[in-house]
Amino acid sequence: MSLIALLLTLPLAGAAIILLVRAVRVRDLLAFLTVVILVALSIAQYTGGMTVRFALPHSLHTIFMAADILLLLFFLWRGMHEESRPVALLALLQLLLYLYVSGTDPQAHPFDIEVGYISRIMLLVINIVGGIIILYALEYIESEEMERMKKNGFIALLFFFLSVMNLIVTTDNLEIFFLAFELTTLLSYLLIRYRGDELARANAIRALWMNQIGGVAILAAMIISVKSYHTLSFDALLTFGSSWGVAAIAVLIIAAFVKGASLPFEKWLLGAMVAPTPVSAILHSATMVKIAPYIILKLAPAFTPFLSHTVTLFGSFVFMTASVMALGRDYFKEILGLSTVALLGLMMAMAAIDATESVQIVLVLIVFHAISKALLFLQAGILEKSFHFKYLSDFEYLYERSPMSVWMIVIGFASLTLPPFGAFWGKFFSLELLISMISQSPLYILVLVFITLGSVFLTLLYFKVLTRVLSHSTGKTEKVAIPALFRYSSYALFGLLTVGILLMSGWNGVGVFELLLPALLIFVIPLLLRWQLRSSERVGEYRCGEKDEAEIGAYYFALPEAQVRRAHYAAAALIALVLLGGML
Amino acid sequence: MDFSRYRKRSPWILHYNAGSCNGCDIEILAALSPRYDLERFGVLNSGNPKQSDIFLVTGPVTYRSRERLVELYNQMPEPKVVIALGSCTCTGGVFRGMYNVEDGIDRYIPVDVYIPGCAASPELIIDGVVQALDILEKKTKERENAKRLYSEPTTENGITDRSNSAQKIGTGGFSPEEMKPNSPERRENEED
Amino acid sequence: MNTVWIILAPLIGGLLYGVERIVRARMQGRKGPPLLQPFYDMFKLLDKRPLLVNPAHVLLGIMHFITLWIAVGLIITGTNLLFVIFVHLLASIFLVASGFSVRSVYSHIGANRELLTMVAYEPLLILIAAGFYLKNGYFSIELIHEGEPLLGSLWMLFGALLLVIPIKLKKSPFDAAEAHQEIVGGVEVEYSGVYFEFLYMAKWLEYIFVYLLVILFAGNSVMMAIVLVSSVFLLVNLVDNATARVRIPHLIAITLGIGLTLSILNLIGVGYGL
């Protein structure tokens, strides 16, 4: 219990102190210490291995309630101030619904905080990967042109984010869950508009109103729950299983889709790319979007077969469509963003299958996707800061200047698709599970086809980036120095990936041989690269004898606008089907 | 182990047209066709200098094709042989002395076998290739250099880089004077 | 015994390639090269002066060969079919990465096409594995070899595999990835001498890999395996000699269109006992 309390409060304390400190050195040291303690705490919590449950004091509930109302008032004010009708209307709607809910009197919660197996894994991901991203942000934010206070504020916000995320994965109370959900919405709004320019503000507003749809959904679920069962507890909701319980669950699924930026809502996540890179990293990888598979995973035991099938179909459809959509993009972070949307689709699809294997599969996918995407986003930030590369078409002579970044990008992408990395095993066992489920419903054949096609399209997407970064001639390198914190945070994530491979052995009968073999292949290359093959002469590329240098571009398979719209309609139809499944 | 005897059994050909009238090229294709079936000797028309052993050149070397000729030659790994196919490739043929062509490829790269004829017949081509194979078997793996438009490869950290040893016209090996048609220097060369 | 087969795999592949060149020549009314021609080529390549563009390019090519060999080895030892397919995918990915690791136009076009062909055949291979699982309840190749021949019930998936074979072996009409004179061999354009040898041998291994997949359909019947392999071998070469190259978009449309339909029908049939 004290561990959880510390995990929730320590980042807040860290954030407060960092706001006050002026010296950069001291700030960095404090941040480093906080991160180390958080990592240690989350590991201790994981190895503790027990389900922890406790209730929060009643006084806290009053504070939470006040915070909720203040938050919604803030959204309302932002909506009026920025003249955004959706924001204002949604905020108003939420305010009314919330007042209605708080007017009812549900049964007292037996416990507000419940930390089970899934939550412990989520805590690990949030604190370790999030912590590394914060260390990286220390260096990153220094190179921005801002006042000292604003820079420290940025770091403080990131710590605050960790705290909120820790809360959201540990709470069992829908009311606290709603608060944490809204807080993540607030934080992403603040972080996205951090640079304060026109585009940042527009994108922040869009993120705000889209995420508020999720808030409305949660409030609707709360009302259904409180009206029919007089409770706001997640666990209780799952056990009822009657038609109203299913309706509440269906509505909560919508909240997950919104947070996970699934297909009709993917724009807010892509818009988040204007924010400083650590924000994209923390939004995408470690934390926020992972709420989506987390919610589905938590709700899955109570799914009806209809809900389970539709959510799986929806997830696999998003997986395939988002991968294809990403093929037409040029902005590196946008490519990473859409591939995140795709993989979240896969995670949600697998989470919705009510099988014992699926929980493990989804958790593995969550963990390794977080690490790989964090690694990739950190590289995107490094490219931006050290080389001023943002778009794929800018990437020129990267290998010559920084082979390390290139190999980190390669490893980052490889770890998402290839054996022996964890994400591969996640996908591998997903396929196995789906194939064994085919005899239960022919729908799974369609899901299987979507997922295999999606995987191939994602490979195509990764190579689109690799085309630009990997190609180099015989030319000599002119290395560019990369700041130490950037390097060390990348190495730390790389180390996590390596350790992760070892942890995979023994899972579902994955043999040591099957792990070592590809590991050998993947780690032998960087080692062999030291071997310069000095006895071989270097020769230029074959260009039909021409002496001029060839310009190498990346390929684009842009989907026509009409097709994208059709995909959005299809996704929206599937969501409507989910809702319908809840009503029946 | 000595593998040099296998050079003869698997000669891969790179065919380059340095401004030929296509007469000889058609004959080459004829020689490669099922009628003559060069494949029974392991001959392959690879079209890639990096995987070829025999450089089969047709044409009198027009101005435009000089750099490419040297570059292709340079990209072929040793041991390699060059065959000049057709009269104009050997001497300039009917184009000799014209303002826009060089007189034969041996001004630029060393030639091992000359096959005369306008156009050379498939039988002659096959015979020339067979003679070239004898030369190929005796060659060493030492680097062979082009005669012009060529500079020594650079070496750095013990790594030799020959990607820039075939030069562009105007960057050495040639003076701008020499490039002008009918310049005194050029005429001098002709008399050599 | 398995170890011996694994070590011999590239050599058998080389012989198969030699036989194929003769068969193709005979179909065209030619005599064709000697049976050991592929090995002569190999020895000659060993004897060339080593040239390379950059070490990463060469190493990725070597990795392609080694991984492919491992994939073949895994089939021979009889592990999980799905895993083998992914190891094979890893091998193809090494090849594509090597194609992209040089600043060469042809190499990039070749790697690009190689990737697009992957879009065409990878889903089919996975669905074929799914078919075996649905029929038997396991992915184990060893058990598949001990079981009854499955060609009867999985004949539509076998048809899908027939579409994949010309792509993997770079045969017309699906040889756009290599497209010899058109893009100078695609991915392999920048390799020379001893380094090219690895790609050359990888092609032989690809033969072994594909025909080992064909044998899976014969189950425990050796006769049927021999008949299947030889008839597929003749069919592929006949089609290679008789057809022209199709463009990549057509390749994907044909393979996915026909292949996916066949596989899905077969999966429904097997899954629901139709």
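Going by the structure above, here's the rest.
These remarks concern the structure in this document. Quantities reported herein were computed from a predicted structural model and do not represent experimental measurements.

Rules behind the numbers
- Residues numbered from 1 in each chain as written.
- Chains lettered and ligands numbered in written order.
- Predicted model: local features only at pLDDT ≥ 70, side-chain atom pairs only at ≥ 80, totals over all residues.
- Heavy atoms only, no water.
- Helix = DSSP H or I, 4+ residues; strand = E, 2+ residues; numbered from the N terminus.
- Buried < 20%, exposed > 50% of the residue type's maximum accessible area, 1.4 Å probe, protein only.
- Contact = heavy atoms within 4.5 Å.
- Salt bridge = Lys/Arg side-chain N within 4 Å of Asp/Glu carboxyl O.
- Buried area = accessible area lost by both parts, 1.4 Å probe.
- Polar contact = N/O pair within 3.5 Å; in protein donor to acceptor, adjacent residues only side chain to side chain.
- Nonpolar A, V, L, I, M, F, W, Y, C, P; charged D, E, K, R; others polar.
- Pairing = 2+ DSSP bridges.
- Core = buried A, V, L, I, M, F, W, Y, C linked by side-chain atoms within 4.5 Å.
- Patch = residues over 30% accessible without salt bridge, like charges linked within 9 Å, V, L, I, M, F, W, Y side chains within 5 Å.
- Areas by Shrake-Rupley, 256 points an atom, 1.4 Å probe, with all protein chains shown as cover.
- Expected span 1.5 Å × (residues − 1).
- Phe/Tyr/Trp six-rings, centres within 6.5 Å; stacked < 30°, edge-to-face > 60°.
- Right-handed = clockwise from strand over helix to strand, strands pointing away.
- Axes fitted to C-alpha atoms, helices over the stretch in contact; angles between N-to-C directions.
- Parallel < 35°, antiparallel > 145°, perpendicular 65-115°, else oblique.
- Left-handed = near helix turned anticlockwise from the far one by under 90°.

Looking now at the side chain of Ser46(B). Along the chain, Ser46(B) turns up in the loop between β2 (44-45) and β3 (54-58). Here Ser46(B) falls in the buried class, since its relative accessible area comes to 2%. Contact partners of Ser46(B), with chain neighbours within four places excluded, come to Trp12(B), Ile13(B), Gln51(B), Ser52(B), His180(C), Gln181(C) and Val184(C).

Taken as a whole and judged by the stated rule, the model has 43 salt bridges over all chains. Arg103(C) is paired through a salt bridge with Glu396(A); the nearest N and O atoms lie 3.7 Å apart. Residue Arg103(C) is found in the loop between α4 (81-100) and α5 (105-136), and its partner Glu396(A) is found in the loop between α16 (356-387) and α17 (398-401); the two belong to separate chains. On the basis of relative accessible area, Arg103(C) is assigned to the buried category, the value being 5%.

Moving on to the interface of chain C and chain A. Tallying the contact residues gives 57 residues for chain C and 61 residues for chain A. Interface area for chain C against chain A, summed over the two sides, is near 5,400 Å², with a carbon-plus-sulfur share of 79%. On the chain C side of the interface with chain A, the three residues burying the most area are Leu59(C), Phe83(C) and Arg103(C), jointly 16% of the side's total. The interface formed by chain C and chain A includes two salt bridges. Where chain C packs against chain A, one counts 13 residue pairs in polar contact (both at pLDDT 80 or more). Broken down by element, the side of chain C that touches chain A gets its largest block of residues, 15 residues, from α5(C). Its residues assigned to classes, the side of chain C that touches chain A shows 45 nonpolar, eight polar and four charged. Summarising the sheet, strand β3 (residues 537-538) of chain A and strand β1 (residues 51-52) of chain C pair through two bridges and their orientation is parallel. Looking at β1(C), one finds that Glu537(A) is bridged to Leu51(C).

A separate point is the sheet that holds strand β5 (residues 113-115) of chain B. Backbone-to-backbone hydrogen bonds pair the strands of a sheet. The strands run either parallel or antiparallel. The sheet built from five strands is open, its strands ordered β2-β1-β3-β4-β5 (chain B) with parallel pairing. The sheet is open, and its two borders are formed by β2 and β5 of chain B, each paired with just one other strand.

Attention now moves to the nonpolar core. In this structure, Phe159(A), Ile253(A), Ile296(A), Phe332(A), Phe413(A), Trp425(A) and Phe217(C) are the most contacted members of the largest nonpolar core, which totals 342 residues. At 19 residues, helix α20 (residues 443-470) of chain A tops the list of elements feeding residues into this core. If near-sequence neighbours (up to four positions away) are discounted, Phe159(A) is found in contact with Pro11(A), Ala15(A), Ile18(A), Ala31(A), Thr34(A), Val35(A), Leu38(A) and Ile134(A). Counting residues in each nonpolar core, the second largest holds 29 residues, with Phe55(B), Ala166(B), Ala179(C) and Val184(C) among its members.

We now examine the interface of chain B and chain C. Each partner contributes residues to the interface: chain B has 31 residues there, and chain C has 29 residues. Both faces considered, chain B and chain C share a buried interface measuring about 2,700 Å² in area, 51% of it formed by carbon and sulfur atoms. At the surface where chain B touches chain C, the tally comes to eight salt bridges. At the surface where chain B touches chain C, the tally comes to 20 residue pairs in polar contact (both at pLDDT 80 or more). Class assignment of the residues belonging to the side of chain B that touches chain C gives a composition of nine nonpolar, ten polar and twelve charged.

Moving on: a nonpolar patch on the surface. A contiguous nonpolar surface patch, about 550 Å² in accessible area, is contributed by Met1(C), Val4(C), Trp5(C), Leu8(C), Leu11(C) and Ile12(C). Position of Leu11(C) among the secondary structure elements: in helix α1 (residues 2-27).

An α-helix turns once per 3.6 residues; consequently, residues spaced three or four apart project the same way. Helix length check: helix α8 (residues 198-229) of chain A, at 32 residues, gives a terminal C-alpha distance of 46 Å against a target of 46 Å (1.5 Å per residue), a fit within 8%. Within two residues after α8(A), His230(A) carries a phi angle of roughly 55 degrees, on the positive side.

Residue and element names in this part refer to chain A. Overall, the coordinates contain 46 aromatic pairs over all chains when judged by the stated rule. Here phenylalanine 332 and phenylalanine 395 contribute two aromatic rings whose centre-to-centre distance is 5.6 Å and whose plane-to-plane angle is 75 degrees, an arrangement assigned as edge-to-face. Of this pair, phenylalanine 332 sits in helix α15 (residues 332-352) while phenylalanine 395 sits in the loop between α16 and α17, placing them 63 residues apart in sequence. In terms of burial, phenylalanine 332 and phenylalanine 395 fall into one category: buried.

All names here are of chain B. In this sheet, β2 lies alongside strand β1 (residues 12-17) in parallel orientation, the contact comprising two bridges. Across the sheet, isoleucine 13 pairs through a bridge with asparagine 45, a residue of β2. After leaving β1, the chain enters helix α1 (residues 23-32) and then returns to the sheet as β2, a path that is right-handed. Two elements, β1 and β3, share five bridges in a ladder whose sense is parallel. Bridge pairing links histidine 15 to leucine 56 in β3.

The terminal C-alpha atoms of helix α3 (residues 55-77) of chain C, which comprises 23 residues, lie 32 Å apart, in line with the 33 Å expected from a rise of 1.5 Å per residue. Buried residues dominate α3(C), accounting for 18 of its 23 residues.

Here we come to the pairing of β3(B). All names here are of chain B. Counting buried positions along β3 gives five out of five residues, so the element sits mostly inside the fold. Taking every second residue as pointing to the same face, both faces of β3 are buried, with Ile54, Leu56 and Thr58 on one and Phe55 and Val57 on the other. Note that β3 and strand β4 (residues 81-85) share five bridges and pair parallel. Bridged to isoleucine 54 within β4 is valine 81. For the crossover that starts at β3, traverses helix α2 (residues 66-75) and ends in the parallel β4, the hand is right-handed.

What follows concerns the environment of Lys135(C). Residues and elements named next belong to chain C. The residue lysine 135 is located in helix α5 in this model. A C-alpha to C-alpha distance of 8.5 Å links lysine 135 and leucine 154, two positions 19 residues apart in sequence. What lysine 135 contacts, discounting residues up to four positions off in sequence, is Leu150, Ser153 and Val270.

Here the focus is the packing of helix α9 (residues 193-216) of chain C against helix α10 (residues 222-242) of chain C. Residue and element names in this part refer to chain C. One way to put it is that α9 packs onto α10 with a least axis distance of 9 Å and a crossing angle of 135 degrees. By the angle between their directions, the pair α9 and α10 is classed as oblique. Like other packed secondary-structure pairs, α9 and α10 cross with a definite hand, here right-handed. Residues Tyr211, Val214 and Ile215 of α9 pack against Ala225, Leu228, Val229, Val232 and Phe233 of α10. Looking at the contact of α9 with α10 residue by residue, the classes come out as eight nonpolar, no polar and no charged.

In this section: the environment of Arg206(A). Here Arg206(A) lies in helix α8. Aside from chain neighbours lying at most four places away, what touches Arg206(A) is Lys267(A), Trp268(A) and Gly271(A).

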